[in-house]
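Listed below, chain by chain, are the residues.
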Amino acid sequence: MSEAHLPKTGSIKVVAPKKAAKLVEQVARDTENPAVATEQLLIALDIDGTVLLEDESLSPGVVDAVEHAHRAGHEVMVATGRSWEGTRGIVRVLGIAPEFVVCSNGAVVLKRLEADELSYERWHVETFDPREVLEQLRVHLPDARYLVELADGQRLYTEYLEDWNLVHARRVPFDELGAQPVCRVVVVSPDKGEQDFVDLVKRIGLNHVSYAVGWTAWLDIAPKGVDKSTGLELVRTELGIDPAHVLVMGDGRNDVGMFRWALDNGGRAVAMAQGPQEVRDAAGEITDSVRDGGVAAVLRRL
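About the criteria used
- Along each chain, residue indices are assigned from 1 in the same order as the chain's sequence is written.
- A pLDDT threshold of at least 70 governs which residues receive local features in this predicted model, and a stricter bar of 80 or more applies before side-chain atom pairs are shown or counted, although totals over entire chains, interfaces and linings include all residues.
- Values reported for side chains reflect all heavy atoms of the structure, with hydrogen atoms and water molecules removed beforehand.
- The secondary structure listing takes helices from DSSP runs of H or I that are at least 4 residues long and strands from runs of E that are at least 2 residues long, numbered from the N terminus.
- The classification of residues rests on relative accessible area computed with a 1.4 Å probe and restricted to protein chains. Under 20% of the type maximum is buried, over 50% is exposed, and intermediate values are partly exposed.
- Throughout, the arc means that of the directions going from the helix axis to the C-beta atoms.
- Confidence of the predictor at the level of single residues is captured by pLDDT, which takes values from 0 to 100.
- Two residues qualify as a contact provided that any one of their heavy atoms is within 4.5 Å of a heavy atom in the partner residue.
- Put simply, a salt bridge is a Lys or Arg side-chain nitrogen that is within 4 Å of an Asp or Glu carboxyl oxygen.

Q: How would you sum up the environment of alanine 115? Please name residues and give values.
A: If you trace the backbone, alanine 115 turns up in the loop between strand S4 (108-114) and strand S5 (119-125). A C-alpha to C-alpha distance of 5.5 Å links alanine 115 and alanine 97, two positions 18 residues apart in sequence.

Q: Tell me what's going on with helix H2 (residues 62-71), and back it up with residues and numbers.
A: Among all positions of H2, only Val62, Ala65, Val66, His68 and Ala69 are buried. Down the axis of H2, the smallest arc covering the buried residues is 155°, so these residues share one side. Set apart from the buried face of H2 by more than 90 degrees, the exposed residues are Asp64 and His70.

Q: Explain the confidence of the model for the protein residue by residue, including any values.
A: For the protein, the mean per-residue pLDDT works out to 87, and 85% of the residues sit at or above 70. A low-confidence stretch, residues 1-13 (pLDDT under 50), is modelled with zero contacts involving residues beyond four sequence positions or located in other chains. Ignoring residues within four places in sequence, the model shows residues 20-28, a span with pLDDT below 50, making one contact including any to other chains.

Q: Tell me about the pattern of salt bridges, and please be specific about residues and values.
A: If you walk through the whole model with that rule in mind, you get 13 salt bridges. Measuring nitrogen to oxygen at the nearest pair gives 2.8 Å for the salt bridge that ties arginine 82 to glutamate 56. Here arginine 82 is found in the loop between strand S2 (75-78) and helix H3 (84-94), whereas its partner glutamate 56 is found in the loop between strand S1 (42-45) and H2, with 26 residues between them in sequence. With relative accessibility at 15%, the residue arginine 82 sits in the buried group. Overall, glutamate 56 belongs to the partly exposed group, its relative accessible area being 47%. Its salt-bridge partner being lysine 228, residue aspartate 255 comes within 2.5 Å of it at the nearest N-O pair. Separated by 27 residues along the polypeptide, aspartate 255 in the loop between strand S12 (246-250) and helix H7 (256-264) and lysine 228 in helix H6 (residues 228-239) bring together distant segments of the chain. We note that aspartate 255, like lysine 228, is buried.

What follows is the structure, given as structure tokens:
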């Protein structure tokens, strides 16, 4: 068979170990050298289960790896289900001040005003009328804890829950939760498991909203058609980054939308090893677990 039509291949040269080590060091320096042209990536990191362990300690090596990616010229940001109140401290610990932050599962996109103080404005906000879904859920989960986030960032809740960051939040009667449009509804039922919530959502149907079930029996509800990918697409467009130059990482069902968005546009979607099977199946790649430093393993190879 003729191979004349094939392009010429490269050559392989065997060098001494010391020289090989120097070559690797040079590649690393070039990656972080602003004088060496590299394709800027938009890197969006989930927080819980990706950057943070369950006890809220940092995934091994993540701060140094984020710094490496930043020095290499990439835009590193977070895309989380958390409100800004629960996100700001994590951004500070990571040592970044991204131009944009996606919060509340895409319903809120914040834009930086001042980097040193991590001052941000609510640049894009999506809301919906929560009354129908709240009443529907209350029938099936009368003892659950409920929280809503309003358009201005204020949060209202029915009962205290240790896992919630309730700084500047206000406790109200259940009926007050739906008195005005909201960005997000959070439902936690301590006596239910993750599968209980999955089964409930399938049984009752939530057709007028977007939702995701968390691994701690946590139901997150957003406006219809809104998820992390919709917020990230606004950011990508505003920054003028090519759709294929996107890298997203996460571990939960609320990350599946941004996985599909990245992959459909030629980007990369990386799932953490400890995520549910359906989440890992939606990603293009799987990295180590959050405990084993999965984010650092990916970012250090950029």
